[in-house]
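Breakdown of the fold
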Amino acid sequence: SFLAENDLHSSSESSHLALVLPHRQTAGWMAGKNDTVVTEFFLTAFLEHPEWGLPLFLVFLSFYLLTLLGNAGMVILIRVDGRLHTPMYFFLGHLSFVDICYSSITVPQMLAVLLEHGTALSYTRCAAQFFLFTFFASIDCYLLAIMAYDRYVAVCRPLLYVTIMTEKARWGLLATAYVAGFSSAFVRTVTAFTLSFCGSNEIDFIFCDLPPLLKLTCGDSYTQEVVIIVFAIFVMPLCVLVILVSYLFIIIAIMRIRSAGGRAKTFSTCASHLTAVSLFFGTLIFMYLRGNSGQSSEEDRVVSVLYTVVTPMLNPFIYSLRNKEVKEAVIKALSR
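Bear in mind the structure is a predicted one, so any value in this text is a computation, not a measurement. (Residues numbered from 1 in each chain as written. Predicted model: local features only at pLDDT ≥ 70, side-chain atom pairs only at ≥ 80, totals over all residues. Heavy atoms only, no water.)

**Re the overall build of the chain**
Where we set the bar: Numbered from the N terminus, helices here are DSSP runs of H or I no shorter than four residues, and strands are runs of E no shorter than two. We call a residue buried when its accessible area falls under 20% of the maximum for its residue type, exposed when it is over 50%, and partly exposed in between, using a 1.4 Å probe and counting protein chains only. Note on definitions: a residue-residue contact is assigned when non-hydrogen atoms from the two residues lie within 4.5 Å. Under the convention used here, a 1.4 Å probe and the Shrake-Rupley method define accessible areas, while residue burial counts only the protein chains that appear.
What the chain contains, in helices and strands, is 11 helices and seven strands. Taking all 336 residues of the chain together, the buried fraction comes to 46%. Within the chain, contacts between residues separated by at least 24 positions form 78% of all contacts whose residues are at least 6 apart in sequence. Accessible surface for the chain amounts to roughly 17,100 Å². Of this, 68% is attributable to carbon and sulfur atoms.

Put into structure tokens, the structure is as follows:
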């Protein structure tokens, strides 16, 4: 009777456990512990404010359409206007293309999460999204650093600018950015998705990004996290260092110009790029180069919206509104 009662109690607990565990997870025994192996992730966002779903969906959709329109317009404008066939606009055109790509990887997923109040994502699809986002975001970082170097050569070595920034050099720098972005994204994705994810499969975030994924890990992940941090250092801090050194020499060169008008004109050619750099790297550094403990999910979501939705949308407007050549090209194109 005692054994029968225990069997009944055990079967009751098992059935209760089966009801509690959602269908997105697969139960398994790991290292002798009754853990839940995550085979599918479930993205949620703003569940504490369900009434925000539709308004935020409409806002982000309008931002995304502006991103596509502005960046595609910038790419077309640079290709059709002969006055913009210079190294600076060559890199700006590719920056606009990359902004379209990495925004398109995250924003549609974000819209689905907001509209459906959560959406399931397979392990493979989450890894693919993480890889593509890291790939294009890394290229964005490298392109901004290359553009800072381009401005340094233009301001500090104006007589050698044509011989340094040749067409071959431009394509070489661009190819290097793509190869470096692919290598970084590949290593970080493989390293991140060899981590063990167990327990809850719910990601309180709007797409598969590294900080929320690290919160789901279990077991010893020290080696993988070191590799991820090392490769993060080779992307963000290295690019920031190149930008800071370039602008340090640019500022020194500007201060040597005697006329105030000459200083203002020279600095105006760099102001648009400096604004874009501040927006992009400021949000990325805040998101990734800080401790993982005590982070607010809502705070993370707000920051992620800035670098996935707002910054790609603002870039073409920053470069067009603060750049005389682009404004003239836009007016000429519209007059046609």
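**So, the pairing of strand β3 (residues 40-44)**
Here is the rule: By definition, two strands form a pair when at least two bridges between them are found by DSSP.
Within β3, four of the five residues are buried, which leaves it mostly tucked inside the rest of the structure. Bridge count between β3 and strand β4 (residues 119-122): four bridges; the pairing is antiparallel. Bridge pairing in β4 places E40 opposite S122. Sheet topology places β3 next to strand β6 (residues 202-204); three bridges connect them, and they run parallel.

**Some details on the packing of helix α3 (residues 87-116) against helix α4 (residues 123-156)**
A packed helix pair is summarised by two numbers, namely the angle formed by the two axes and the spacing between the axes. The cut-off we apply is this: All axes here are fitted lines through C-alpha atoms, helices being fitted over the stretch that makes contact, and every angle between N-to-C directions spans 0 to 180 degrees. Each angle receives one of four descriptions, namely roughly parallel if under 35 degrees, roughly antiparallel if over 145, roughly perpendicular if within 65 to 115, and oblique otherwise. Left-handed is the label given to a crossing in which the near helix is rotated counterclockwise from the far helix by less than a right angle, and right-handed is the label when the rotation is clockwise. Note on residue categories: nonpolar means Ala, Val, Leu, Ile, Met, Phe, Trp, Tyr, Cys or Pro, charged means Asp, Glu, Lys or Arg, and polar means any other residue, Gly included.
Two elements in contact, α3 and α4, have axes whose closest approach is 9 Å; the angle formed by their N-to-C orientations is 160°. Between α3 and α4, the angle falls in the class roughly antiparallel. In this structure, α3 crosses over α4, and the sense of that crossing is left-handed. Classifying every residue of the contact of α3 with α4 by side-chain character gives 18 nonpolar, four polar and five charged.

**Considerations on the sheet that holds β6**
Taken together, three strands build an open sheet; the order of strands is β4-β3-β6 and the sheet is mixed. Looking at which strands have only one partner, the edges of the open sheet turn out to be β4 and β6. Sheet twist, expressed as the mean angle between neighbouring strand axes with direction ignored, is 30°. Packed on one face of the sheet, α3 meets β3 and β4 and runs near 140° to β4. Where α4 meets the sheet, it contacts β3 and β4, and its direction lies at approximately 85° from that of β4.

**Examining the state of the cysteines**
As used here, a disulfide is simply a covalent bond connecting the sulfur atoms of two cysteines. Applied cut-off: A pair of sulfur atoms, both from cysteines and within 2.5 Å, is called a disulfide here.
Evaluated as defined, the whole model comprises one disulfide. Covalent S-S linkage joins C126 and C208, the inter-sulfur distance amounting to 2.0 Å. Every disulfide takes its handedness from the sign of the S-S torsion; for C126 and C208 that torsion is -120°, giving left-handed. Of the two residues, C126 sits in helix α4 while C208 sits in the loop between β6 and α7 (210-214), which places them 82 residues apart along the sequence. Relative accessible area serves as the criterion here: at 0%, C126 is assigned to the buried category.

**A short note on the UniProt feature "transmembrane region" (unreviewed entry) in the chain**
Let me state the cut-off plainly: UniProt positions are given in the numbering used here, feature names are shortened, and annotations may be inferred rather than shown by experiment.
As annotated in UniProt, the feature "transmembrane region" (unreviewed entry) corresponds to residues 52-77, 89-115, 127-149, 169-187, 226-254, 266-289 and 301-321 in the numbering used here. Secondary structure across residues 89-115 comprises 100% helix and 0% strand; the distance between its end C-alpha atoms is 37 Å. The distance separating the terminal C-alpha atoms of residues 169-187 is 27 Å; by composition the span is 100% helix and 0% strand.

**Comments concerning the confidence of the model for the chain**
Note the following rule: Values of pLDDT, which run from 0 to 100, indicate the predictor's confidence residue by residue.
Per-chain confidence: the chain averages 77 in pLDDT, with 78% of residues scoring 70 or above. Confidence, expressed as mean pLDDT per element, reaches its minimum in the chain at strand β1 (residues 25-30) with 37 and its maximum at helix α5 (residues 161-164) with 92. Below a pLDDT of 50 lies the segment residues 291-295, which in the model reaches seven contacts outside its immediate sequence neighbourhood of four places, other chains included.

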